Amino acid sequence: RVATSIDAPALVSALGPGPAGSSLGRQASMSTVEAIVSSAAALDAEGLSRLYQRATRESDLVSAWSGVLAPALRRIGERWRDGTMGVDAEHLASELLVTELRSLTRSNRARVAGRRDVVLACADEEQHYLPLVAIEAELSLQGIGCLFLGPRVPPEALLDLVGRATPPTVFLWASIRRPAKDPLWQALKSLDRPLTLVLGGPGWPERMDAPTSSAVT
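To keep things clear, this report deals only with the structure shown in the data block. Since this is a predicted model, take the numbers as computed values, not measurements. (Residues numbered from 1 in each chain as written. Predicted model: local features only at pLDDT ≥ 70, side-chain atom pairs only at ≥ 80, totals over all residues. Heavy atoms only, no water.)

On any regular strand, side chains alternate: one points to one face of the sheet, the next to the other face. Along strand β4 (residues 169-173), five of the five residues are buried, which leaves the element largely enclosed by surrounding structure. Because side chains alternate across β4, one face comprises the buried residues Thr169, Phe171 and Trp173, and the other comprises Val170 and Leu172, equally buried. Summarising the sheet, β4 and strand β5 (residues 196-200) pair through five bridges and their orientation is parallel. Within the sheet, the bridge partner assigned to Thr169 lies in β5 and is Thr196. (Buried < 20%, exposed > 50% of the residue type's maximum accessible area, 1.4 Å probe, protein only. Helix = DSSP H or I, 4+ residues; strand = E, 2+ residues; numbered from the N terminus. Pairing = 2+ DSSP bridges.)

Put into structure tokens, the structure is as follows:
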């Protein structure tokens with residue numbers, strides 16, 4: 001779920017599902033998902049790296065994420081929770097995917113050199129940052145530069161950054177449930193410069209006591 005303004009279409013594009021593919025394409029995607037899960041269970045780092053490279057290079061990144069990478073990670077997480085896969089396999093699969101996604105970002109470094117169009121951050125106490133890495137990679141492919149802050153960014157630190165730097169858009173990720181009266185909203189009320197705030201992840205409630213400041217959209 002993403003709440004956004006019309007000023008951030010690229011972020012919505014990076015998060016949204018790709019177009020529906022053919023049944024053959026879906027079968028190939030599911031086959032790759034199963035191969036990733038099997039390689040993770042076997043702690044086959046080389047096999048995982050090859051599968052990630054193939055997934056991110058044989059289709060656009062948004063389709064690869066929604067059709068292969070995210071489903072594979074969910075399947076691995078489910079197996080860890082039911083005790084049929086160890087945490088070592090889950091960590092290996094995640095870290096190797098981070099490496100692959102960041103290699104895509106680095107390959108586009110020249111296109112976004114010196115640009116800080118978007119701040120990517122996790123809400124405070126949020127440690128799951130892999131979706132941010134995927135968004136950074138996709139935005140780099142679109143020529144959009146990011147300032148990547150990663151996990152567990154306190155509201156005060158985020159406010160301090162946007163108060164003295166010039167990024168027009170902040171994307172904030174939360175997979176852990178957030179309160180409707182989030183401390184972030186109180187912090188943002190004092191902001192006196194334009195800011196587009198984009199929220200992503202299942203942690204944000206449907207109804208929120210969002211900031212009333214005219215500077216924040």
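Here the narrative resumes, following the displayed structure.
Under the definition given, this model contains two aromatic pairs. Arranged with centres 6.5 Å apart and planes meeting at 75°, the rings of Tyr129 and Phe148 form a pair that is edge-to-face. With Tyr129 in the loop between β2 (118-122) and α7 (130-141) and Phe148 in strand β3 (residues 146-150), this pair connects stretches of sequence that are 19 residues apart. The aromatic ring of Phe148 is capped on one face by Arg102, whose charged end is 5.0 Å from the ring centroid. (Phe/Tyr/Trp six-rings, centres within 6.5 Å; stacked < 30°, edge-to-face > 60°. Lys NZ or Arg CZ within 6 Å of the ring centre and 35° of its normal.)

Inspection of the entire model under this criterion finds six salt bridges. The closest approach of N and O atoms between Arg75 and Glu34, which form a salt bridge, is 2.3 Å. Note that Arg75 is positioned in helix α4 (residues 61-81) and Glu34 in helix α2 (residues 23-41), a separation of 41 residues in sequence. For Arg75, a relative accessible area of 25% puts it in the partly exposed group. Judged by its relative accessible area of 37%, Glu34 is partly exposed. Here Arg115 and Asp117 are joined by a salt bridge, their closest N and O atoms 3.1 Å apart. For Arg115, a relative accessible area of 40% gives the class partly exposed. By sharing partners, the salt bridges in this structure join Asp124, Arg178 and Asp182 into a single network. (Salt bridge = Lys/Arg side-chain N within 4 Å of Asp/Glu carboxyl O.)

What follows deals with the environment of Val68. Within the element layout of this structure, Val68 appears in helix α4. Take Val68: its relative accessible area is 8%, and that puts it in the buried class. Filtering out sequence-adjacent residues up to four positions away, Val68 remains in contact with Ser29, Thr32, Val33, Ile36, Ala55 and Ser63. (Contact = heavy atoms within 4.5 Å.)

The subject of this paragraph is helix α5 (residues 87-107). Counted at 1.5 Å a residue, the expected span for α5 with its 21 residues is 30 Å, and the 30 Å between its end C-alpha atoms agrees. Along α5, the residues classified as buried are Ala89, Ala93, Leu96, Leu97, Val98, Glu100, Leu101, Leu104 and Thr105. (Expected span 1.5 Å × (residues − 1).)

In this model, Leu43 sits at a positive phi of 55°, which is unusual for a non-glycine residue. By the secondary structure assignment, Leu43 is in the loop between α2 and α3 (45-57). The residue Glu125 is not glycine, and still its phi comes out positive at about 75°. Secondary-structure assignment places Glu125 in the loop between β2 and α7.

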